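# Chain and residue survey
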Amino acid sequence: MTPEPSSPPAARRQRRHFSMIRTFVLADFVTLGNGFSGAGAILAAMQSLATGNPRWLWVAFCLMPVALVMDVADGRIARWRFRKSPLGADLDSLADVISFGMAPAALAFAVGLRGNLDVAALLYFVACGISRLARFNVTSAELSDGTGKVKYFEGTPIPTSLLLVMVLAAATWQGRIGDALWGGVWNLGPLTLHPLALLYVASGSAMISKTLRIPKF
């Protein structure tokens, strides 16, 4: 009697629902909290534009420090529990791009940085943030000490963009948003620039600098 052919390994393997989520450790869920906070800030900024209600800006501003707390906590939790997942580093970078790259840019647009040169400055800032995180992922091994901990950052860390958010929050508190933005507006022929957008250019340039070395504590 001819034996039945055995099933291929892939067919024999039991399928498990949410198999990717099952590989997450506690630190990964905290990292997701970082990304959720940043995404929530972006949506709140969009809602403020859609409704004209500045209260949504404050919802966005309040979510930003929550994202920072999550960003700091995930690494400490991973070290405390001695558990890291293969997705951890990439997950952290993606969450940071949302929370500290896109969210500050969306908030700037919502408070009034909407000129064509303003938008160019915001896009430059986001591109610098993405590039900075990609470079860190590639060079972190060579920048680390014997324990595997990175000794210093090349360029300013992307969470420093919270300083920009603080400036926007202060302007919002004083009612200096929209046409009343600090620094006014420069009309350069068909181009429009709010000087406040230059802070984003400076921040983005500092992130991709190789001469700035910031100790990591």
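As recorded in an unreviewed UniProt entry, the protein chain goes by the name CDP-alcohol phosphatidyltransferase family protein, listed as coming from Corallococcus macrosporus. UniProt, in the comment section headed Subcellular location (unreviewed entry), describes the protein chain in these words: "Membrane". Taken from UniProt, the Sequence similarities (unreviewed entry) comment for the protein chain reads in full: "Belongs to the CDP-alcohol phosphatidyltransferase class-I family."

## Notes on the environment of Leu117
Topologically, Leu117 is positioned in helix α6 (residues 116-143). Relative accessible area serves as the criterion here: at 25%, Leu117 is assigned to the partly exposed category. Counting along the chain gives 69 residues from Leu117 to Trp186, while the straight-line C-alpha distance between them is 9.9 Å.

## Re the environment of Thr51
You can see Thr51 is positioned in helix α3 (residues 26-51). A polar contact is formed between the side chain of Thr51 and the backbone nitrogen of Asn53, at a distance of 3.2 Å.

## Examining the nonpolar core
By size, the foremost hydrophobic cluster in this structure holds 36 residues, and its most contacted members are Phe61, Met64, Leu107, Leu113, Leu168 and Tyr200. Broken down by element, the residue count for this core peaks at eight residues, all from helix α5 (residues 88-111). Leave out the neighbours within four places in its chain, and Phe61 touches Leu107, Val111, Val165, Leu168, Ala169 and Thr172.

Rules of the game
Residues numbered from 1 in each chain as written. Predicted model: local features only at pLDDT ≥ 70, side-chain atom pairs only at ≥ 80, totals over all residues. Heavy atoms only, no water. UniProt positions renumbered as here; feature names shortened; annotations may be inferred. Helix = DSSP H or I, 4+ residues; strand = E, 2+ residues; numbered from the N terminus. Buried < 20%, exposed > 50% of the residue type's maximum accessible area, 1.4 Å probe, protein only. Polar contact = N/O pair within 3.5 Å; in protein donor to acceptor, adjacent residues only side chain to side chain. Core = buried A, V, L, I, M, F, W, Y, C linked by side-chain atoms within 4.5 Å. Contact = heavy atoms within 4.5 Å.

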